Amino acid sequence: MDSCIFCEIGKHHIPGKVIYEDEMCMAFLDLSQTTDGHTLVIPKKHFHDILEVDEKTLSHMMNVVQKVAHQLQTKLDAQGFNIMTNMNEIAGQSVHHFHIHIIPRFSQQDGFNAIYTDRSKEIDLEAIYHRIMD
Ligand code: AMP
Ligand code: ZN
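Quick look at the structure, then. (Residues numbered from 1 in each chain as written. Chains lettered and ligands numbered in written order. Predicted model: local features only at pLDDT ≥ 70, side-chain atom pairs only at ≥ 80, totals over all residues. Heavy atoms only, no water.)

**Let's talk about the site of ligand 1**
Looking at ligand 1, there are 16 residues lining it, with Asp-30, Asn-86, Gly-92, Ser-94 and His-101 nearest. Contacts to ligand 1 include Gly-92, whose backbone N or O atom sits 2.8 Å from an oxygen atom. Within the side chain of His-99, one N or O atom sits 2.9 Å away from an oxygen atom of ligand 1. Listed by contribution, the elements that provide at least two residues to the shell around ligand 1 are α1 (5-10) and β2 (25-29). Its residues placed into classes, the shell around ligand 1 shows eight nonpolar, seven polar and one charged. (Near = heavy atom within 4 Å. Polar contact = N/O pair within 3.5 Å; in protein donor to acceptor, adjacent residues only side chain to side chain. Helix = DSSP H or I, 4+ residues; strand = E, 2+ residues; numbered from the N terminus. Nonpolar A, V, L, I, M, F, W, Y, C, P; charged D, E, K, R; others polar.)

**Quick notes on the sheet that holds β2**
The five strands lie next to each other as β1-β2-β3-β5-β4, forming an open sheet whose pairing is antiparallel. The two strands at the open ends of the sheet, each matched to only one other strand, are β1 (18-21) and β4 (80-84). Geometrically, the sheet is characterised by an average inter-axis angle of 20 degrees between neighbouring strands, direction not taken into account. Of the pairings in the sheet, the one linking β4 to strand β5 (residues 100-105) comprises five bridges and is antiparallel in character. Bridge assignment links Ile-83 to a residue of β5, and that residue is Ile-102. (Pairing = 2+ DSSP bridges. Axes fitted to C-alpha atoms, helices over the stretch in contact; angles between N-to-C directions.)

**Some points on the side chain of Asp-49**
Tracing the backbone through its elements, the reader meets Asp-49 in the loop between β3 (39-43) and α2 (55-76). Buried within the structure, Asp-49 lacks any salt-bridge partner; its nearest side chain of opposite charge belongs to Lys-45, at an N-O separation of 13 Å. In contact with Asp-49, not counting residues within four places along its chain, are Met-87, Asn-88, Gln-93 and Phe-98. (Buried < 20%, exposed > 50% of the residue type's maximum accessible area, 1.4 Å probe, protein only. Lys, Arg positive; Asp, Glu negative; His and termini not counted. Salt bridge = Lys/Arg side-chain N within 4 Å of Asp/Glu carboxyl O. Contact = heavy atoms within 4.5 Å.)

**Remarks on the coordination of the zinc ion (ligand 2)**
For the zinc ion (ligand 2), the protein coordination sphere consists of Cys-4 (SG), Cys-7 (SG), His-46 (ND1) and His-97 (ND1), at 2.0 to 2.3 Å. Viewed at the metal, the four donor atoms of the zinc ion (ligand 2) are separated by angles of 99 to 124 degrees, and the geometry they form is tetrahedral. (Donors = N, O, S within 2.8 Å, 3.2 Å for Na, K, Ca; no water. Tetrahedral: all angles 85-135°; square planar, octahedral: opposite > 155°, others 65-115°.)

This is the structure in structure tokens:
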């Protein structure tokens, strides 16, 4: 049975600033606080990543993400959110227990930055489409 730091937080064996909890999942403040209110939503059961978690747990977690985001909008006056999950080291996953980041946004210089490079002039969109679909 896999176990890790987030399993331990889920069982209340390690303290966390828990802002939502039910039988299936938990939301607690990320220690790094990239922006005020930066929250992680985790399943209590250990899954490595978004491809491993079962459908029922994942859809429940997304409902909780929405609920918590409403709470952060109301209480912290968040102006928007980035909601993301990292899978594997290549994408920046450092804790190998599936989690969804809720990052409230207050301005474009508030501590979080996602850069989407525009590669449209360099790539062959048709070829990429066919690699996926063929
Ligand atoms: P990721 O890099 O997507 O795997 O995110 C892991 C996140 O977990 C990081 O943002 C860390 O700041 C956060 N983190 C690690 N340990 C703890 C902890 N004990 N309590 C709260 N957040 C944590
Ligand atoms: Zn775990």
